[in-house]
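# Close look at the chain arrangement
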Amino acid sequence: MEYNRILILSPHTDDAEFGCGGTIVKFLENNKEIHWVVFSIAEDSLPNELNKLKLQNEFINVTKELNLKESDYTIFRYPVRKLSDYRQEILESLIKFKQEFKPDLVIGPSQNDYHQDHQVISNEMIRAFKTHSSILCYELPWNHINFTSSYFIKLEERHIQMKLKILSKYETQIVLNRFYFSEDMVRGLALTRGAQINYKYAESFDVLRIID
């Protein structure tokens, strides 16, 4: 199926960039319409000396790098690690996106992701879109014990370069020494997924539903 309206769900700033950043770049390159939703800017995860809007500002820098308009993304400020307390509100927001944006593809966190906030978004994603959209789940290896790589999107060097560039906007995470922000990690995973389909680079997804 040719997907044209794609909803990207990110529990926190930076999740989608790592899980499907190259794919987002490729979608935009191919003039696909996307709407990107961030549910938490994780203020409470930041050291006290940092501006509590730092991660939100870094995400906005990502959107500027990708030439997205303000109308192309939505930022919620649910408290980090407590999205379960707002499950119904999140579901209602997703239903609104379904009615207004009408995505033919939704991409969000995996059902096998063990982070509590990621589980909430994954579950509500399925509730909201199970009968209306194809659904893919992106890979965040440090949060998984199991992940089924059943759908692959081929990437080129330019997509990996831009993925690295947008990840570099997260100065906060780099200062905190998040190992998965390293170029070795990003390239290594893309090379591994590419090798599985006899291509240099790829990102892989777990298929929850395909509607054609």
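Look up a bit, the structure's there.
Residues numbered from 1 in each chain as written. Predicted model: local features only at pLDDT ≥ 70, side-chain atom pairs only at ≥ 80, totals over all residues. Heavy atoms only, no water.

## Some remarks on the overall build of the protein chain
The cut-off we apply is this: The helix and strand labels rest on DSSP assignments: H or I over at least four residues marks a helix, E over at least two residues marks a strand, and numbering proceeds from the N terminus. Computation of the radius of gyration draws on C-alpha atoms alone. For the globule rule, the value is 2.2 Å times the number of residues to the power 0.38. Here's how the labels work: a residue is buried when its accessible area is under 20% of the maximum for its type, exposed when over 50%, partly exposed in between, all with a 1.4 Å probe on protein chains only. Two residues form a contact once any of their heavy atoms are found within 4.5 Å. The accessible surface values rely on the Shrake-Rupley method and a 1.4 Å probe; as for residues, cover is taken only from the protein chains in view. We count Lys and Arg on the positive side and Asp and Glu on the negative side, and we leave His and both chain ends out. Throughout, a charge is located at the NZ atom of Lys, the CZ atom of Arg, the CG atom of Asp or the CD atom of Glu.
Across its full length, the protein chain carries seven helices and seven strands. Each helix and strand of the protein chain, ordered N terminal to C terminal, gives the series β-α-β-α-β-α-β-α-β-β-α-α-α-β. What you see for the protein chain is a C-alpha radius of gyration of 16 Å, in line with the 17 Å of a compact globule of 212 residues. Projecting the C-alpha coordinates of the protein chain onto the three principal axes gives extents of approximately 45 × 40 × 35 Å. Evaluated residue by residue, the protein chain yields a buried proportion of 51% over its 212 residues. Restricting the contact set of the protein chain to residue pairs at least 6 apart, pairs at least 24 apart contribute 80%. With the model as given, the accessible surface of the protein chain reaches about 10000 Å², and the carbon-plus-sulfur share is 46%. For the protein chain, the distance from the average site of its 26 positive side-chain charges to the average site of its 30 negative ones is 2 Å.

## Looking at the side chain of Glu 203
Quick reminder of the rule: We define a polar contact as two N or O atoms separated by no more than 3.5 Å, with the added condition that, inside protein, one atom must be a possible hydrogen donor and the other a possible acceptor, whereas residues neighbouring each other in sequence contribute only through side-chain atom pairs.
Mapped onto the fold, Glu 203 is located in strand E7 (residues 201-209). Separated by 3.0 Å, the side chain of Glu 203 and the backbone nitrogen of Gly 22 make a polar contact. Within polar-contact distance, the side chain of Glu 203 engages the side chain of Thr 23 at 2.6 Å. Dropping the residues within four chain positions of it, Glu 203 is found in contact with Phe 18, Gly 19, Cys 20, Gly 21, Gly 22, Thr 23, Tyr 151, Phe 152, Ile 153, Leu 155 and Lys 163.

## Focus: the environment of His 12
Assignment of secondary structure puts His 12 in strand E1 (residues 5-12). As a C-alpha pair, His 12 and Asn 31 span 19 residues in sequence and 25 Å in three-dimensional space. Excluding anything up to four places from it in sequence, His 12 contacts Val 38, Ser 40, Val 80, His 115, Asp 117 and His 118.

## Looking at the pairing of strand E5 (residues 134-138)
Our working rule: Only strands joined by at least two bridges in the DSSP assignment are considered to pair.
In terms of burial, E5 is a largely internal element, five of the five residues being buried. Residue alternation in E5 divides its side chains into two sets, Ser 134, Leu 136 and Tyr 138 and Ile 135 and Cys 137, and both sets are buried. Looking at chain direction, strand E4 (residues 105-109) and E5 are connected through five bridges and run parallel. Pairing of Ile 107 across the sheet is with Leu 136, part of E5. For E5 and E7, the ladder comprises four bridges, and the chain directions are antiparallel. The residue of E7 that forms the bridge with Ile 135 is Arg 209.

## Describing the packing of helix H3 (residues 87-100) against helix H4 (residues 116-129)
Packed helices, taken two at a time, are described by the angle between their axes plus the distance between the axes. Using the following cut-off: To obtain each axis, a line is fitted to C-alpha atoms, and for helices this fit is confined to the stretch in contact; angles are then taken between N-to-C directions over 0 to 180 degrees. The scheme is simple: roughly parallel for angles under 35 degrees, roughly antiparallel for over 145, roughly perpendicular for 65 to 115, oblique for anything else. In this scheme, a crossing is called left-handed if the near helix is turned counterclockwise away from the far one by less than a right angle; it is called right-handed if the turn is clockwise. Under the grouping applied here, Gly and all other residues not named as nonpolar or charged are polar, the nonpolar ones being Ala, Val, Leu, Ile, Met, Phe, Trp, Tyr, Cys and Pro and the charged ones Asp, Glu, Lys and Arg.
Across the interface, H3 lies against H4 with an axial gap of 9 Å and an inter-helix angle of 45°. One way to sum up the angle between H3 and H4 is to call them oblique. In this structure, H3 meets H4 at a crossing whose hand is right-handed. In this structure, H3 uses Arg 87, Ile 90, Leu 91, Leu 94, Ile 95 and Lys 98 to contact H4, whose residues at the interface are Val 120, Ile 121, Glu 124, Met 125, Arg 127, Ala 128 and Phe 129. Across the contact of H3 with H4, the residue classes tally to nine nonpolar, no polar and four charged.

## Considering the nonpolar core
What counts here: Take the buried residues of types Ala, Val, Leu, Ile, Met, Phe, Trp, Tyr and Cys, join any two whose side-chain atoms come within 4.5 Å, and each joined set is a nonpolar core.
In terms of nonpolar packing, the biggest core is built from 41 residues, with Ile 6, Ile 8, Cys 20, Ile 24, Trp 36, Leu 66 and Ile 107 touching the most fellow members. Broken down by element, the residue count for this core peaks at six residues, all from helix H1 (residues 15-29). Ignoring sequence-local partners within four residues, the contact set of Trp 36 consists of Ile 8, Ser 10, Ala 16, Glu 17, Ile 24, Phe 59, Val 62, Leu 66, Leu 68, Asp 72, Tyr 73 and Thr 74. One finds Leu 7, Val 106, Ile 121 and Cys 137 within the second-largest nonpolar core, a separate group that totals 19 residues.

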